[in-house]
Amino acid sequence: MKIVRGLTGLVVSMLLISSAAATELRLTIDSSAAKAVLAALDNPALTLDQARVVAKLPGNQGLIRKAISYGRTADVDSFAAALVATAHGDDKAPDPSQFQFGVVRKQAETLRQVIAELENPKNGLIEGARQRIALFTPDTATGSITGYFVVGGTSGGFAFGDPTFFLNLQYFPDAVLATTILEHELFHAVQGAARPIKAVSDARQRCLTRIGMPEHMDDLFDSLFVEGTASAVGDVLALPKDATGIIGDERKKVQRNVNMVSRSVTLFDLSTHAVASKAVDFDSIYELGFYGDEILYALGYVMAKTIEREDGPPGIAALIRQSSGAAFIDRYRKVKDYGTSADAPALGAATLDWAKRMAACNGG
């Protein structure tokens, strides 16, 4: 896997070339949205028209889209109004979209420094992320991916299933930590670029119908897969164990969840049962497992790291290529230490049964 990287203005571009398949995946990282918000917050004479220009930048459109996904009213005008109010020092102005620019303003100098460190090629941070991502990137990943550094809102990193991702530096005001989270979010985009086949596979769908796959079981298994593998690639626990400050805090949070992986197993098995029985709506199941404490991230991470230890990064890339969360679970149950080690906890029989049957429909 050969990758060429260049830096032009506000945009870092990377070209991933798979010599085996003669395919290309172009990656672009754009910090203009974050820089524009920080500059606007430093302008006490900011006008609504100027703020609307900032709101229309693609990265900030992602913040608006994310706010809407939480059920909030959000658009260019609400973004601009919140930005102007904060720039003018009006901390009591309504912020129904929860862009939280007041919080951003308090961190503005730190955030500018983080962006500068990330973009400085001498630090090698983005180059290091580039190298790590390449290890796990299957040769089926083609096209273009754009990542945006943003500030504001209530989500640290997010994607929408298309070839874009967003990293909110407000939540990771440290360049080293931000690089690790960047790897996580970037890998989500790589997953999307490499996994287009399942949605159009008529044969697979007929097979899933034949085995009576419950609605949303695929969604549940895929969510565990994509978050688990992304967490293993953007591995917070690979950061120094003696780290302090925000890195230390983030590492402790992740380590705590991994140490309690038995809790994650129980929740996942209960989630499988709830989906199969239709006892609980899927949105509630997903919210419990993948929002807040992100309990199921820990299980997916442990599973992915266990598979990586046996198969190496190409093993993860191969699973991404297979385009199936069920195949991920089915491969995990075959690892050497399955069920006999804290690093490879056993899953419930019903969960494994559904994964095995669904993986067979995918050729797994």
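Residues numbered from 1 in each chain as written. Predicted model: local features only at pLDDT ≥ 70, side-chain atom pairs only at ≥ 80, totals over all residues. Heavy atoms only, no water.

Q: Looking at this structure, I do not really get the pairing of strand S6 (residues 164-168). What am I missing?
A: Here is the key point about a regular strand: its side chains alternate between the two faces of the sheet. By the criterion of burial, S6 is predominantly enclosed, with five of the five residues buried. Along S6, one buried face is formed by Thr164, Phe166 and Asn168 and the opposite face, lined by Phe165 and Leu167, is buried too. Two strands pair when backbone bridges link them, and strand S4 (residues 143-150) and S6 are joined in this way by five bridges, in the parallel orientation. The residue of S6 that forms the bridge with Val150 is Asn168. (Buried < 20%, exposed > 50% of the residue type's maximum accessible area, 1.4 Å probe, protein only. Helix = DSSP H or I, 4+ residues; strand = E, 2+ residues; numbered from the N terminus. Pairing = 2+ DSSP bridges.)

Q: Honestly, the packing of aromatic side chains in this entry has me stumped. Any pointers?
A: Any aromatic ring pair is given by two values, namely how distant the centres are and how the planes are angled relative to each other. One pass over the full model with this rule turns up 16 aromatic pairs. A ring pair is formed by Tyr148 and Phe166, whose centres lie 5.3 Å apart and whose planes are at 20°; its orientation type is stacked. Within this pair, whereas Tyr148 is found in strand S4, its partner Phe166 is found in strand S6, the two being separated by 18 residues in sequence. Phe166 shares its class with Tyr148; the two are buried. (Phe/Tyr/Trp six-rings, centres within 6.5 Å; stacked < 30°, edge-to-face > 60°.)

Q: When you look at the pattern of salt bridges in this model, what are you seeing that I'm missing?
A: Evaluated as defined, the whole model comprises 15 salt bridges. The closest approach of N and O atoms between Arg357 and Asp353, which form a salt bridge, is 3.3 Å. Of this pair, Arg357 and Asp353 both sit in helix H16 (residues 349-361), four residues apart, roughly one helical turn. Here Asp353 falls in the partly exposed class, since its relative accessible area comes to 36%. Salt bridges sharing partners connect three or more residues here, namely Asp49, Arg52 and Asp77. (Salt bridge = Lys/Arg side-chain N within 4 Å of Asp/Glu carboxyl O.)

Q: Where do I start with the environment of Gln100 in this structure?
A: Residue position: Gln100 is located in the loop between helix H4 (76-87) and helix H5 (101-106). In this structure the C-alpha to C-alpha distance between Gln100 and Phe187, which are 87 residues apart in sequence, comes to 27 Å.

Q: It is not clear to me how the side chain of Thr180 should be interpreted in this structure. Could you clarify?
A: Along the chain, the position of Thr180 falls in helix H8 (residues 175-194). Taking relative accessible area as the criterion, Thr180 reaches 7% and is therefore assigned buried. With sequence-adjacent residues up to four places away left out, Thr180 is seen in contact with Gly234, Asp235, Val236 and Leu239. (Contact = heavy atoms within 4.5 Å.)

Q: I tried to follow unusual backbone geometry on my own but got confused; where do I start?
A: The bulk of non-glycine residues show a negative phi, and the bulk of peptide bonds are trans. Even without being a glycine, Gln100 presents a positive backbone phi close to 55°. Unusually for a residue other than glycine, Glu294 sits at a positive phi of about 50°. Among the secondary structure elements, Glu294 is positioned in the loop between helix H13 (282-290) and helix H14 (295-322). By relative accessible area, which is 29% here, Glu294 ends up partly exposed.

Q: Honestly, the nonpolar core in this entry has me stumped. Any pointers?
A: The nonpolar side chains of a soluble globular protein tend to be buried with one another. Membership of the largest hydrophobic core comes to 113 residues, with the highest contact counts inside it found for Phe79, Leu83, Leu169, Phe221 and Ile329. Considering every element that reaches this core, the biggest residue donor is H14, with 13 residues. When neighbours within four sequence positions are excluded, Leu169 is seen to be in contact with Leu111, Val114, Ile115, Leu118, Phe149, Val150, Val151 and Ala178. (Core = buried A, V, L, I, M, F, W, Y, C linked by side-chain atoms within 4.5 Å.)

Q: Sorry if this is basic, but what is going on with the environment of Gly157 here?
A: Inspection of the secondary structure puts Gly157 in strand S5 (residues 157-159). A residue is classified by how much of its surface remains accessible, and Gly157, at 24% relative accessible area, is partly exposed. Considered as a pair, Gly157 and Leu186 are 29 residues apart in the sequence and their alpha carbons are 9.9 Å apart. Apart from residues no more than four positions distant in its own chain, Gly157 is found in contact with Phe166 and Glu185.

Q: Help me understand the state of the cysteines in this model?
A: Formally, a disulfide is one covalent bond, and it connects the sulfur atom of one cysteine to the sulfur atom of another. Tallying each qualifying case throughout the model produces one disulfide. Shown here is the disulfide that connects Cys207 with Cys361, its sulfur atoms set 1.9 Å apart. Where Cys207 bonds to Cys361 through sulfur, the torsion about that S-S bond is close to -75°, and the disulfide is left-handed. Of the two residues, Cys207 is situated in helix H9 (residues 202-210) and Cys361 in helix H16; the sequence distance between them amounts to 154 residues. The two residues Cys207 and Cys361 agree in class, both being buried. (Disulfide = S-S within 2.5 Å.)

Any link to function would need more than the numbers given here.
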